[in-house]
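# Architecture at a glance
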Amino acid sequence: MQISILVGTMTGTAELVAGDIQKALEGKGHAVEVLLMDNLKADVFDRPGAFLICTSTYGQGDVPDNARDFLADLEAVKPDLTGKLVGIIGLGDSTYQDTFNHGGEQFEKGLQALNATIVGDRMQHNASSGSLPEEDGVAWALDWVEQVVPLARAA
């Protein structure tokens, strides 16, 4: 299956997580491409296959700087994403209780509003948990892809 991982990051952690997920999913026979959100537009969802959003939260619960224009383009263009299968990986730190994992939440709500099918529960990694985001991300993504494959076949 073709999988595009769209990465929103400030410090590079989300990109590191996406790279480890890419290796793990390719090891299971999937074709995976990691795309930083820097220059992405809504038409990225014209690509075949499933999508993973891997984003951190920054500032006052915002998406990272490199994801702002992409999220704004989705809100402006409002593409109909019916039939698009999407997973959300959110990175955050619960010491910021009021805004914990809001970056992932913003993408989840925005994509749901555009009729995308969110597969599985949004992963919410907590930097204060002591676990490594790349290890948790790989475990989550391997479970996620098992949910996505039958949905993609049925489509």
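About the thresholds
- Residues numbered from 1 in each chain as written.
- Predicted model: local features only at pLDDT ≥ 70, side-chain atom pairs only at ≥ 80, totals over all residues.
- Heavy atoms only, no water.
- Buried < 20%, exposed > 50% of the residue type's maximum accessible area, 1.4 Å probe, protein only.
- Helix = DSSP H or I, 4+ residues; strand = E, 2+ residues; numbered from the N terminus.
- Pairing = 2+ DSSP bridges.
- Right-handed = clockwise from strand over helix to strand, strands pointing away.
- Salt bridge = Lys/Arg side-chain N within 4 Å of Asp/Glu carboxyl O.
- Contact = heavy atoms within 4.5 Å.
- Polar contact = N/O pair within 3.5 Å; in protein donor to acceptor, adjacent residues only side chain to side chain.

Bringing the pairing of strand 4 (residues 85–92) into the picture now. Among the eight residues of strand 4, eight are classified as buried, and the element is accordingly described as predominantly covered. Here strand 4 shows no split at all, with Leu85, Gly87, Ile89 and Leu91 on one side and Val86, Ile88, Gly90 and Gly92 on the other all buried. Across six bridges, strand 3 (residues 50–56) lies against strand 4 in parallel orientation. Bridge pairing in strand 4 places Ser56 opposite Leu91. In this region the chain leaves strand 3, passes through helix 2 (residues 65–77) and returns to the parallel neighbour strand 4; the handedness of that crossover is right-handed. Here two bridges tie strand 4 to strand 5 (residues 117–118), and the two strands are oriented parallel to one another. Each residue of the ladder has a partner; that of Leu85, found in strand 5, is Thr117. Two strands pair when backbone bridges link them, and strand 4 and strand 6 (residues 123–126) are joined in this way by four bridges, in the parallel orientation. Bridge pairing in strand 6 links Ile89 to Met123.

With that settled, consider the pattern of salt bridges. Within the structure shown, the criterion is met by five salt bridges. Ionic pairing is found between Lys109 and Glu105, a salt bridge with its closest N-O pair at 2.8 Å. Here Lys109 and its partner Glu105 are both found in helix 3 (residues 102–113), four residues apart, which amounts to about one turn of the helix. One connected set of salt bridges, linked through shared partners, spans Asp62, Asp65 and Arg68.

A separate point is the environment of Ser131. Residue placement: Ser131 occurs in the loop between strand 6 and helix 4 (133–154). Those residues in contact with Ser131 that sit more than four places away from it in its chain are His125 and Asp136. Looking at Ser131, its side chain comes within polar contact range of the side chain of Ser129, at 2.9 Å.

Another aspect to go through is the environment of Leu71. Here Leu71 is to be found in helix 2. Between the C-alpha atoms of Leu71 and Gly110, which are 39 residues apart in sequence, the distance is 8.0 Å. Here Leu71 is in contact with Val63, Gln106 and Phe107, once residues within four sequence places are set aside.

Attention now moves to unusual backbone geometry. The phi dihedral of Lys78 falls on the positive side, at around 50°, and the residue is not glycine. Relative to the elements of secondary structure, Lys78 occurs in the loop between helix 2 and strand 4. Residue Lys78 is classed as exposed on the basis of its relative accessible area, which comes to 58%.

Of all seven residues in strand 1 (residues 2–8), six are buried; the element is thus mostly enclosed. Pairing geometry for strand 1 and strand 2 (residues 31–36), over six bridges, is parallel. Note on strand 2: the bridge partner recorded for Ile3 is Val32. With helix 1 (residues 13–27) bridging strand 1 and the parallel strand 2, this β-α-β connection has right-handed handedness.

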